[in-house]
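Examining the three-dimensional arrangement
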Amino acid sequence: MQIDYAFLESLKKGLQVDFEKNRYVRDQSIPHAPCKNLCLNKQEQKLALKNALRYFEPNLHEKLAPEFLYELQTYGHIYMYRLIPDYEMKAYPYDKYPCKCKQAQVIMHMIMNNLNHEVAQFPHELITYGGNGSVFQNWAQYHLTMKYLSEMTDHQTLVMNSGHPQGLFPSHPDAPRIVLSNGMMIPNYSTQSHYEKHYALGNTMYGQMTAGSYCYIGSQGIVHGTTLTLLNAARKYLKTDSLNGVVFVSSGLGGMSGAQPKAGDILGCISVIAEVSEKALDKRLKQGWVKKKITDVEQVVAEIKQAKQEKRAESIGYLGNIVLLWERLAQEEINLVDLGSDQTSLHNPFNGGYYPVQLSFEQANQMMVKDPEQFKKLVYESLIRQVDAINKLTQKGMHFWDYGNRFLLESRRAGANVNSEHDEQLFRYPSYFQDIMGDIFSLGFGPFRWICTSGLPEDLKLTDKIAEQVLMDLITKSPKIVADQLTDNLDWIRKAEENKLVIGSQARILYADTQARTEIALRFNEAVKKGEILGPIVLSRDHHDVSGTDSPFRETADIYDGSQFTADMAVQNVIGDSFRGATWVALHNGGGVGWGEVINGGFGLVLDGSDDASRRAKMMLQWDVNNGVARRSWCGNQNAQFNIKRQMEMEPLLNVTIPYQSDIVDKLEF
């Protein structure tokens, strides 16, 4: 069917207010962000309103002010719903966007993918995933940003401050086209209460990781990470490569957590994921990422027993509270669960990230706004019950880990029994990063991804073949410890198309190290140059990567020299990417474990078939991985020390400081 893309010309117009349209009423056919408790006094509400009206000519203020005040007092934030576009929000072929430079076209493609209704968790609130991971704070920022991108040349850089387009500034072709920062605060003010206040005022936003950096590719990214996590958990805890008959229980079917049952299906295990939002569960059911929807906890238990007996792969979405599921499973005399975790959004526990067992979904959404103190009390009571049930199951043989969502940290704050029996400063359960994924990152392997901006499935299929060939070549040349990781990812890429992972843009992910990322990039660029791939490819990665994130309860949880609370690595990484060839860079406060708990960054790099693109890719990708490997080596990780020495042998210009180990300290008396 021939599509008329003329409507995309409207992106050049910027802010257009149509008062012929009726005032927006929330469309109940799509999910919406929970209403936020308004934390502003009257003077601050006036300031929030003035901040919002700055985007509009004064003659519009009289009509817009009452609407914006209604939004602020009803929803706790000014989203500017009136400005939601009428066109379908999705990633269109890059060359259909009305821009002066190819890089800007590609960025438009990425932004619209992040807001696609099939991709975004709460699209009308501009939230991509994680409950509050925002692309913009309001729709005025979206329209202005797209207008700037339509005007941008390759001698300009767009500066983005927490969703706000500050403007185009003169630069040069090798500079990033966009520099983004999200949620950056003076350290003493980087608290949850300050976030709530300044988000309501329109001063900052929570970009999560790839929401605010325009690099989200749907849940495919976390599917791969979850697949590797479950596979390596089975190897570590169950001493097996096969997950047939293995039962995995967790919670959440949202933007990120929705990957869990799909990963379970890929590995052939029995996954049971609890979800309180029927819309979220039904979305995953429709996408085929969960096979069954069950509303009765007794039926869930019966289904587990039958599937376990038959060693049949199954994915069950339980419409109910995870606490009820854990408590019911703990009643079984014989343990049914092999592996357990949690992916509720506990970085945002009191505003829709966690739903206490004592309330229905609807009751919780009301109480969190009307009686936030009581709601917080119920959340903590619920967490205590959840941990008690998990502890009973682990005593029977279940293996449990924190999935980097702040579950253990928030449970400790609730007073739950999560402390180690040997050291109260430590948790009784590991972070998945400490126990499962940390050594893989130290080898330089992390979530490398690419997007075919032509929008053609044929282009994606060819990139899969190219990546497959690169991995096959490298396996024959690599040490076994590296080759084993490449082999896991070779299996992944070979099955990627049949696993139907694409939601939104034509994108793919695999875990790759320095050599694999660089070689894949160079071969992609050559295929674009020859016309074998019919449009530019964007290279990116999750911020959750080797060098991208400093987070003491997740990505740097396995740093044991005390520096896990520092953030030099993530900041240096963004700076280094920016002058080594990245098309855009982003630095964020927040991420999976919450505001003030993590600093993370990411990039986008456009491969357009030019020699410059190859030069930039080679220079930037080597830095983007080896920066983190060098830091992990300095902290004593054996895999990282092995890897960085190997990297120095292959790159004569790389020369990093290697630590000496001391045995004398333990012999001294203190």
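Since the structure is predicted, the reported quantities are computational estimates derived from the model, not experimental observations.

Here we look at the overall build of the protein
Helix and strand counts for the protein stand at 20 helices and 17 strands. Its C-alpha atoms give the protein a radius of gyration of 24 Å, near enough to 26 Å, the size a compact globule of 670 residues would have. Viewed in the frame of its principal axes, the protein has a C-alpha envelope of about 70 × 60 × 60 Å. Split into buried and exposed, the 670 residues of the protein put 62% on the buried side. Across the protein, contacts joining residues at least 24 apart in sequence account for 71% of those joining residues at least 6 apart. Accessible area of the protein: about 26,500 Å², with a carbon and sulfur share of 50%.

Comments concerning the packing of helix H17 (residues 514-529) against helix H19 (residues 611-634)
Where H17 contacts H19, the axes come no closer than 9 Å and their chain directions differ by 165°. Relative to H19, the element H17 lies roughly antiparallel. The handedness of the crossing between H17 and H19 comes out as right-handed. Facing H17, whose interface residues are Thr514, Arg517, Thr518, Ala521, Leu522, Asn525 and Lys529, H19 presents Asp611, Ala613, Ser614, Ala617, Lys618, Leu621, Gln622, Asp624, Val625 and Asn626. Here the contact of H17 with H19 is composed, by residue class, of six nonpolar, six polar and five charged.

As for the side chain of glutamate 196
Mapped onto the fold, glutamate 196 is located in helix H5 (residues 192-201). Within the structure, the side chain of glutamate 196 is placed 3.2 Å from the side chain of lysine 36, a separation counted as a polar contact.

Details of the pairing of strand E16 (residues 584-589)
Of all six residues that make up E16, six are buried, and the element is covered over most of its length. Burial along E16 is two-sided: the residues Trp584, Ala586 and His588 and Val585, Leu587 and Asn589 are all buried. Looking at chain direction, E16 and strand E17 (residues 599-607) are connected through six bridges and run antiparallel. Bridge assignment links tryptophan 584 to a residue of E17, and that residue is glycine 604.

Examining the nonpolar core
Tyr142 and Trp450 are the most contacted members of the largest nonpolar core, which has 155 residues in total. Ranked by residue count, the leading element in this core is helix H6 (residues 220-238), at eight residues. Membership of the second largest hydrophobic core comes to 47 residues, among which are Val387, Ile390, Phe407 and Ala416.

So, the side chain of aspartate 402
Its location among the elements puts aspartate 402 in the loop between strand E11 (399-400) and helix H13 (407-414). Although buried, aspartate 402 forms no salt bridge, and the nearest oppositely charged side chain, arginine 554, lies 7.6 Å from it. Side-chain polar atoms of aspartate 402 contact the backbone nitrogen of leucine 408, separated by 2.8 Å. For aspartate 402, the contacting residues outside a window of four places in its chain are Ser341, Phe407, Leu408, Pro430, Ser431 and Tyr432.

Some details on the pattern of salt bridges
Enumeration over the complete set of coordinates arrives at 44 salt bridges. A salt bridge links aspartate 488 to arginine 235, with the shortest nitrogen-to-oxygen separation between them at 2.9 Å. One end of the pair, aspartate 488, is in helix H16 (residues 480-495); the other, arginine 235, is in helix H6, with 253 residues separating them in the sequence. Its relative accessible area of 29% is what places arginine 235 among the partly exposed residues. The residue glutamate 332 makes a salt bridge to arginine 328 at a minimum N-O spacing of 2.8 Å. One connected set of salt bridges, linked through shared partners, spans Lys292, Glu303, Glu310, Arg312 and Glu314.

Describing helix H8 (residues 278-287)
Owing to its 3.6 residues per turn, the α-helix aligns residues three or four sequence positions apart on the same side. The set of residues buried in H8 consists of Ala280, Leu281, Arg284 and Gln287. Considered in projection along H8, the buried side chains sweep an arc of 130° and stay on one side of the axis. Against the buried residues of H8 lie strand E7 (270-275), strand E8 (292-294) and strand E9 (314-319). Trailing H8 by a residue or two, glycine 288 shows a phi angle of about 80°, which is positive.

Focus on the sheet that holds E8
With parallel pairing, six strands are arranged side by side in an open sheet as E8-E9-E7-E6-E10-E11. The sheet terminates laterally at E8 and E11, the two strands that pair on one side only. As judged from the five bridges shared by strand E6 (residues 247-251) and E7, these two strands associate in the parallel manner. Across the sheet, phenylalanine 248 pairs through a bridge with serine 271, a residue of E7. Packed on one face of the sheet, H8 meets E7, E8 and E9 and runs near 155° to E8. Here helix H10 (residues 322-330) sits on the sheet and contacts E6, E7, E9, strand E10 (339-340) and E11; the angle it forms with E6, its principal contact strand, is near 145°.

As for the pairing of strand E4 (residues 164-170)
When strand E3 (residues 156-161) meets E4, the two strands line up antiparallel, connected through six bridges. Within E4, the residue paired with valine 159 across the bridge is glycine 167. In this antiparallel pair of consecutive strands, E3 and E4, the connection spans two residues, and serine 162 shows a positive phi of 50°.

Focus on unusual backbone geometry
The phi angle at serine 162 is positive, at roughly 50°, despite the residue not being glycine. By secondary structure assignment, the location of serine 162 is in the loop between E3 and E4. The residue glutamine 208 is not glycine, and still its phi comes out positive at about 50°. For glutamine 208, the location among the structural elements is in the loop between H5 and H6.

Things to note about the packing of aromatic side chains
Throughout the structure, instances matching the rule amount to 28 aromatic pairs. Judged by centre distance (6.0 Å) and plane angle (80°), the rings of phenylalanine 136 and tyrosine 142 are edge-to-face. For tyrosine 142, a relative accessible area of 0% puts it in the buried group. Ring geometry for tyrosine 195 and tyrosine 199: centres 5.7 Å apart, planes at 15°, overall stacked. Here tyrosine 195 pairs with tyrosine 199, and both are found in helix H5, just four residues apart, close to one helical turn. Side by side, tyrosine 195 and tyrosine 199 carry an identical accessibility label, which is buried. Aromatic rings pair up to connect Tyr403, Tyr432, Phe433, Phe441 and Tyr511 into one cluster.

Here we look at the environment of glutamate 458
With respect to the helices and strands, the residue glutamate 458 is situated in helix H15 (residues 457-475). On the accessibility criterion, glutamate 458 (54% relative accessible area) is exposed. Taking C-alpha positions, glutamate 458 is 8.3 Å from isoleucine 533, a pair spaced 75 residues apart along the chain.

So, helix H1 (residues 42-53)
Between its terminal C-alpha atoms H1 stretches 17 Å, which fits the 16 Å expected from twelve residues at 1.5 Å a residue. Burial in H1 covers these residues: Glu44, Gln45, Ala48, Leu49, Asn51, Ala52 and Leu53. Each element contacted by the buried residues of H1 is listed here: helix H2 (61-75) and H5. Put simply, asparagine 41 is the residue that caps the front of H1, since its side-chain oxygen is 3.1 Å from the backbone nitrogen of glutamine 43.

Concerning the UniProt feature "domain: Urocanase C-terminal" (unreviewed entry) in the protein
Here, the residues flagged by UniProt with the feature "domain: Urocanase C-terminal" (unreviewed entry) are residues 439-645. As annotated, residues 439-645 comprises 48% helix and 17% strand, and the C-alpha atoms at either end are separated by 16 Å.

What counts, and where the lines are drawn
Residues numbered from 1 in each chain as written. Predicted model: local features only at pLDDT ≥ 70, side-chain atom pairs only at ≥ 80, totals over all residues. Heavy atoms only, no water. Helix = DSSP H or I, 4+ residues; strand = E, 2+ residues; numbered from the N terminus. Rg over C-alpha atoms; globule rule 2.2 N^0.38 Å. Buried < 20%, exposed > 50% of the residue type's maximum accessible area, 1.4 Å probe, protein only. Contact = heavy atoms within 4.5 Å. Areas by Shrake-Rupley, 256 points an atom, 1.4 Å probe, with all protein chains shown as cover. Axes fitted to C-alpha atoms, helices over the stretch in contact; angles between N-to-C directions. Parallel < 35°, antiparallel > 145°, perpendicular 65-115°, else oblique. Left-handed = near helix turned anticlockwise from the far one by under 90°. Nonpolar A, V, L, I, M, F, W, Y, C, P; charged D, E, K, R; others polar. Polar contact = N/O pair within 3.5 Å; in protein donor to acceptor, adjacent residues only side chain to side chain. Pairing = 2+ DSSP bridges. Core = buried A, V, L, I, M, F, W, Y, C linked by side-chain atoms within 4.5 Å. Lys, Arg positive; Asp, Glu negative; His and termini not counted. Salt bridge = Lys/Arg side-chain N within 4 Å of Asp/Glu carboxyl O. Arc of directions from axis to C-beta. Phe/Tyr/Trp six-rings, centres within 6.5 Å; stacked < 30°, edge-to-face > 60°. Expected span 1.5 Å × (residues − 1). UniProt positions renumbered as here; feature names shortened; annotations may be inferred.

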